[in-house]
Amino acid sequence: MPSLFDTHTHMDAPQYDEDRHEMINRAIEAGVELFVNIGFNRETIPTTLALADQYKQIFAAIGWHPVDSIFMQEGDLEWIEELTKHPKVVAIGEIGLDYHWDTSPKDVQQRVFREQIRLAKKLGKPIVIHNRDAHEDIVRILKEEKADEVGGVMHCFSGSWETAKKCLDMNFYISFGGPITFKNARVPKEVLFNTPQDKILIETDSPYLTPHPFRGKRNESGYVSLVAQSAAEIKGLTVEEIGAITMENGKKCFGIE
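Since this is a predicted model, take the numbers as computed values, not measurements.

## Thoughts on the overall build of the protein chain
- The helix and strand tally for the protein chain stands at nine helices and eight strands.
- Here the C-alpha radius of gyration of the protein chain, 17 Å, is about what a compact globule of 257 residues would show, namely 18 Å.
- Taking the principal axes of its C-alpha atoms as reference, the protein chain extends roughly 45 × 40 × 35 Å.
- Sorting the 257 residues of the protein chain into buried and exposed places 61% on the buried side.
- In the protein chain, the share of contacts with a sequence separation of at least 24, taken over all contacts with a separation of at least 6, comes to 71%.
- Carbon and sulfur atoms make up 50% of the accessible area of the protein chain, which totals about 11400 Å².
- A gap of 4 Å separates the mean positions of the 29 positive and 40 negative side-chain charges of the protein chain.

## Considering the pattern of salt bridges
- Per the counting criterion, the structure on display carries 17 salt bridges.
- Where E144 meets R114, a salt bridge forms, and the shortest distance between an N and an O atom there is 2.6 Å. Note that E144 is positioned in helix 5 (residues 135-144) and R114 in helix 4 (residues 106-123), a separation of 30 residues in sequence.
- Between E162 and K165 there is a salt bridge, and its shortest N-O distance comes to 3.1 Å. Here E162 and its partner K165 are both found in helix 6 (residues 161-169), three residues apart, which amounts to about one turn of the helix.
- With a relative accessible area of 47%, E162 lands in the partly exposed category.
- On the basis of relative accessibility, which here comes to 32%, the residue K165 falls in the partly exposed class.
- Here the salt bridges share partners, and the residues they tie into one network are R114, R118, D137, R140, E144 and E145.

## Quick look at unusual backbone geometry
- For the bond from G93 to E94, the omega torsion is 10°, close enough to zero to count as cis.
- One can find E94 in strand 4 (residues 89-98).
- Cis peptide bonds are those with omega within 30 degrees of zero, and the linkage from S206 to P207 qualifies with 15°.
- Its place among the elements puts P207 in the loop between strand 8 (200-202) and helix 8 (224-235).
- Even without a glycine there, the phi angle at D133 is positive, about 60°.

## So, the nonpolar core
- Among the nonpolar cores identified, the biggest contains 61 residues, and F113, I127, I129, L142, M154, F172 and I174 are the most heavily contacted of them.
- Sequence-distant contacts of F172, that is, excluding residues within four places in its chain, are made with I127, I129, L142, A147, G151, G152, V153, M154, C167 and K199.
- Counting residues in each nonpolar core, the second largest holds 17 residues, with F5, F40, C253 and I256 among its members.

## A few points about helix 2 (residues 44-54)
- Taken as a whole, helix 2 has its buried residues at T44, I45, T48, L49, L51 and A52. Viewed along the axis of helix 2, the buried residues span an arc of 155°, placing them on a single side of the element. Seen from the open side of helix 2, the exposed residues pointing more than 90 degrees away from its buried face are D53 and Q54.
- Close packing links the buried residues of helix 2 with helix 1 (20-29), strand 2 (32-39), strand 3 (58-62), helix 3 (76-83) and strand 4.

## Quick word on the side chain of T7
- Mapping T7 onto the fold places it in strand 1 (residues 4-9).
- By relative accessible area, which is 3% here, T7 ends up buried.
- A distance of 2.8 Å separates a polar side-chain atom of T7 from the backbone oxygen of I202.
- With sequence-adjacent residues up to four places away left out, T7 is seen in contact with V36, S175, L201, I202, E203 and F254.

## Some points on the environment of L4
- Looking at where L4 falls in the secondary structure, it is placed in strand 1.
- Of the residues examined, L4 reaches a relative accessible area of 0% and is grouped as buried.
- Note: C-alpha distance between L4 and I202 (198 residues apart in sequence) is 8.5 Å.
- Those residues within four positions of L4 in sequence are excluded, and the remaining contacts are A30, G31, V32, E33, L34, I202, V224, S225, A228, G243 and M247.

Analysis parameters
- Residues numbered from 1 in each chain as written.
- Predicted model: local features only at pLDDT ≥ 70, side-chain atom pairs only at ≥ 80, totals over all residues.
- Heavy atoms only, no water.
- Helix = DSSP H or I, 4+ residues; strand = E, 2+ residues; numbered from the N terminus.
- Rg over C-alpha atoms; globule rule 2.2 N^0.38 Å.
- Buried < 20%, exposed > 50% of the residue type's maximum accessible area, 1.4 Å probe, protein only.
- Contact = heavy atoms within 4.5 Å.
- Areas by Shrake-Rupley, 256 points an atom, 1.4 Å probe, with all protein chains shown as cover.
- Lys, Arg positive; Asp, Glu negative; His and termini not counted.
- Charge placed at Lys NZ, Arg CZ, Asp CG, Glu CD.
- Salt bridge = Lys/Arg side-chain N within 4 Å of Asp/Glu carboxyl O.
- Core = buried A, V, L, I, M, F, W, Y, C linked by side-chain atoms within 4.5 Å.
- Arc of directions from axis to C-beta.
- Polar contact = N/O pair within 3.5 Å; in protein donor to acceptor, adjacent residues only side chain to side chain.

These figures come from the coordinates and say nothing about function on their own.
Laid out in C-alpha cells, this is it:
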C-alpha cells in the first residue's frame, strides 16, 4: 500500500458530523499518513486546530478564504498571526481570489489576499492558494508581493500549463485533486503530465471535488488514493512511486519532519 499525503482537506466540515472519526480512520487504513486540514474563516480555523490537536497525522493551514473576505474584521489578521504559534500550523491558507462566487468585491478580495501574503512572508510560512476564474490577477499579485520568497501550493490547480509555468517559476508546487480522474479533464491532465515530479502534490479538497467513480457523492480524504492512481497513470509511474514523490514534496513544502 502506498504512503499518501492529502495536502488539502476539510475534515472538520459539517458533512462529516455523523462519522468523522470513522472517515479519518478509513483514510488512514487506505494509506494516508499525513493530512493538511484547512481552516479558512472564523468558524473553521478553531475546528481545524482542534483536529490537529486530536490526531497526530493532521496538520493545519489557517487563513481567510476569498469568498469570505468581505466578513474579515479589524483584528482578524492579528488573530491568525497569533494562532500560527500553534506547533502544527504549517501554512497560511487557503487564500487567494474567487471570481466565480459573487460574495466579496474584487477589490476587497485582492486587499485581503495581499495582506495575508505579507503576513506569510513575515512569518516565513508557505501559502495555499485558492484560485477560481482569476488566473491573471493571482499571478500578478503573487509577483507584485514577491510571494516567491515563501512559495507554497496552487491548490487543486485549474489553469493552463502556461499559467502553471509562471507559478512554478515563483516557487510554487502544483496540487492535483479529483478532476484528474475525470475522463474529459484534458487540461488538468496536460498540466500534470508537464509538471516536474519534484513540484507535484495530490489532495482531495474533501468533502468537495470527489474523484471518479464516486463523483457526485461526498468526498473523503481516503479517496486521495484514487487521485494517486490517476496521477501514476498520467506520469507513467507506479502508485507507490507517486505516493513517495508527493509525500516527500509535501513534507518539504510544509516543513514537516
